[in-house]
Amino acid sequence: MQLVRTQGRGSKQTADLLLRLEQRSTTSLDAVLPIVQKILTKVRKGGDKALQSYAQKFDSLPPNTPLRITTEETANAWQQLDPALQQALKTAAANIRNFAQRQLPKSWQSSTKGLTTGQRVRPIDSAGCYVPGGRHPLPSTMLMTVIPAQTAGVPRIVVVSPRPALETLATAHFLGITEFYRIGGAHVIAALAYGTESILRVAKIVGPGNLYVTAAKRAIAFDCAIDMLAGPTEIVITSDNGNPVAIASDLVAQAEHDPEALTIFITTDESLARKVIAEAKRQSRNNPVAKEALRRNGYAILAITAEEAQQITNRLAPEHLTIDSEADLAWVQNAGSVFIGQHSPQPMGDYISGPNHTLPTGGMARIRGGLSVNDFIKLITVQQYTPAALSALGPQAIRLAQAEGLTAHAETIRTRMLKQ
């Protein structure tokens, strides 16, 4: 982790660094796209046969192993789970579900002078939830993807996960998941997007994955809806009076996700910056993934003023952001999820707070928030006229249609008015 200054010696290099970080994106996906496209095409054409072949190659699935996991297997996993972990899952699920219920938009209608307008909230018909199965089991990701879909009322929820751990299988039982497949990678994205003999296609695919999964989601995005393209984890902490031990611990915690994780501390206090760097180095000493992430993409940015620190923070549009106080929310414009104060460690949001931990990366927090119940619903607008309302508003609509040269538009309005 290195100290960089916005002013004085080295400021030109810092400006170049900030520009590069601000413009970070998913360009690394381009390198794997040719391989991913080949996989997508083979599964789309070959169906289950191609899917089984890739599952054996990439997911280490023994030949003739059923892709679909039985409810007996997930129920057995739940029975084997430590009761303390069962309770933790129940607590997290309750908080996530409560938060999703509060986010759910409402159906409504309003009437004014004979014109009634409104909206109806309807769920999408199916969703595919991707739960990674890499370095660590991630039952929390199943909670974060499945519960908002359930809250929205999605009737068919499919979960996929390569080499699912006991904790992941158990969580599927707890959530009542009945359609669960033990495969991952680009090949299962193809199956969810296009369908095979045994896996019906879904309306939308959500959840984070590795580079190949993300590239596959980008490639099928015009054929099947997706949530977002998730890159490596990002953390920014902007503080002038935080505890260096606590700040460093959050940086190290997010860094251990991925050696490509982005870890940034922004401050106007050079003494605090140096203490955080020293602490992060000490705390990551026995954590090789975090140590590598801090070496590659770990920065303590020393700003001249608080306003400059705030501007840099918003330019970076981080996935996770920690600030000192609730008053600081006033200047936050771009962030996936915000944590306030020294008693709000970011991993609490990863697991149990309630807001979703599937968050925008690569600067996408400039235009969207994290996964939510809104990703699983449609807003259908409604309008109805009485004869009086049509007579009052129809002539103005006709003028607008005529201005656009759309004579049939004008004529159908005129016809309805004449038939009253």
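If you're wondering where the values come from, they're calculated on a predicted model, not measured in any experiment.

Caption draft 1: View of the overall build of the protein chain. Each helix and strand counted, the protein chain has 15 helices and 14 strands in total. If you line up the protein chain on its principal axes, its C-alpha atoms span 80 × 60 × 45 Å. Here the protein chain holds 420 residues, and the buried ones make up 49% of them. For the protein chain, contacts bridging at least 24 residues in sequence account for 71% of all contacts bridging at least 6. Accessible surface computed for the protein chain: about 20400 Å², of which carbon and sulfur atoms make up 53%.

Caption draft 2: Spotlight on the pattern of salt bridges. The full count for this structure, using the stated rule, is 17 salt bridges. Across the salt bridge formed by Arg163 and Asp59, the nearest N and O atoms sit 4.0 Å from each other. Taken together, the residues Arg163 in the loop between β5 (156-160) and α6 (166-175) and Asp59 in the loop between α2 (33-58) and α3 (71-80) connect sequence positions 104 residues apart. Residue Asp59 is classed as buried on the basis of its relative accessible area of 5%. One salt bridge connects Arg296 with Glu292, and the closest N-O pair in it is separated by 2.7 Å. Of this pair, Arg296 and Glu292 both sit in helix α11 (residues 288-297), 4 residues apart, which is roughly one turn of the helix. Taking relative accessible area as the criterion, Arg296 reaches 35% and is therefore assigned partly exposed.

Caption draft 3: How the structure looks around the side chain of Ser337. The residue Ser337 is located in strand β13 (residues 337-340) in this model. On the basis of relative accessibility, which here comes to 15%, the residue Ser337 falls in the buried class.

Caption draft 4: Helix α8 (residues 211-219), seen in detail. Looking at α8, one finds that the buried residues are Val213, Thr214, Ala215, Ala216 and Lys217. The inward-facing, buried residues of α8 contact α2, β4 (126-130), α7 (185-194), β7 (204-206) and β8 (225-226). A distance of 3.0 Å separates the backbone nitrogen of Tyr212 from a side-chain oxygen at the start of α8, and that oxygen is part of Asn210.

Caption draft 5: Region of interest: the sheet that holds strand β9 (residues 234-238). Across the sheet, 6 strands lie side by side as β1-β11-β10-β9-β12-β13; this open sheet has parallel pairing. The open sheet has two edge strands, β1 (2-5) and β13, and neither has a second partner. Between one strand axis and the next, the sheet turns through 20° on average, direction left out of account. Strand direction decides the pairing type here: β1 and strand β11 (residues 298-302), joined by 4 bridges, are parallel.

Caption draft 6: Seen up close, helix α14 (residues 387-403). The end-to-end C-alpha distance of α14, which contains 17 residues, comes to 24 Å, matching closely the 24 Å that a straight helix rising 1.5 Å per residue would cover. The sharpest bend along α14 reaches about 40° and sits at Leu393, with the proline Pro395 one to four residues further on. Ala389, Leu390, Gly394, Ile398 and Ala401 are the residues of α14 that are buried. Looking one or two places after α14, you find Gly405, whose phi comes out positive at around 75°.

Caption draft 7: Expanded view of the packing of aromatic side chains. Enumeration over the complete set of coordinates arrives at 2 aromatic pairs. Where Tyr54 meets Phe58, the ring centres are 5.8 Å apart and the plane angle is 10°; that geometry is what we call stacked. Separated by 4 residues within a single helix, Tyr54 and Phe58 lie in helix α2, roughly one turn from each other. Overall, Phe58 belongs to the partly exposed group, its relative accessible area being 39%. Between Trp78 and Phe174, the aromatic rings sit 5.3 Å apart at their centres with planes inclined by 10°, giving stacked as the arrangement. Within this pair, whereas Trp78 is found in helix α3, its partner Phe174 is found in helix α6, the two being separated by 96 residues in sequence. Given the relative accessible area of 9%, Trp78 is considered buried. When the ring centre of Tyr194 is taken as origin, the NZ or CZ atom of Arg44, which lies over that ring, is 4.0 Å away.

Caption draft 8: Region of interest: the sheet that holds β4. Spatially, the 5 strands line up as an open sheet ordered β6-β5-β4-β7-β8, and their pairing is parallel. Where the open sheet ends on each side, the last strands, each with one partner, are β6 (179-181) and β8. Running at roughly 170° to β5, helix α5 (residues 139-152) makes contact with β4, β5, β6 and β7 of the sheet.

Caption draft 9: Region of the structure containing the pairing of strand β3 (residues 115-123). Judged from the 5 bridges that link them, strand β2 (residues 108-112) and β3 form a sheet pairing that is antiparallel. If you follow Ser111 over to β3, its bridge partner there is Thr116. Following β2, the chain reverses through 2 residues before pairing antiparallel with β3; Lys113 in that reversal takes a positive phi of roughly 50°. Examined bridge by bridge, β3 and strand β14 (residues 377-385) share 9 bridges and lie antiparallel to one another. Across the sheet, residue Thr116 finds its bridge partner in β14, namely Gln384.

Caption draft 10: Representation of unusual backbone geometry. Even without being a glycine, Lys113 presents a positive backbone phi close to 50°. As for its placement among the helices and strands, Lys113 is situated in the loop between β2 and β3. With a relative accessible area of 78%, Lys113 lands in the exposed category. If you check the backbone angles, Arg163 has positive phi at about 50° while not being a glycine. For Arg163, a relative accessible area of 44% corresponds to the partly exposed category.

Criteria and cut-off values
Residues numbered from 1 in each chain as written. Predicted model: local features only at pLDDT ≥ 70, side-chain atom pairs only at ≥ 80, totals over all residues. Heavy atoms only, no water. Helix = DSSP H or I, 4+ residues; strand = E, 2+ residues; numbered from the N terminus. Buried < 20%, exposed > 50% of the residue type's maximum accessible area, 1.4 Å probe, protein only. Contact = heavy atoms within 4.5 Å. Areas by Shrake-Rupley, 256 points an atom, 1.4 Å probe, with all protein chains shown as cover. Salt bridge = Lys/Arg side-chain N within 4 Å of Asp/Glu carboxyl O. Polar contact = N/O pair within 3.5 Å; in protein donor to acceptor, adjacent residues only side chain to side chain. Pairing = 2+ DSSP bridges. Axes fitted to C-alpha atoms, helices over the stretch in contact; angles between N-to-C directions. Expected span 1.5 Å × (residues − 1). Bend = angle between axes of the 7 residues up to and from the residue. Phe/Tyr/Trp six-rings, centres within 6.5 Å; stacked < 30°, edge-to-face > 60°. Lys NZ or Arg CZ within 6 Å of the ring centre and 35° of its normal.

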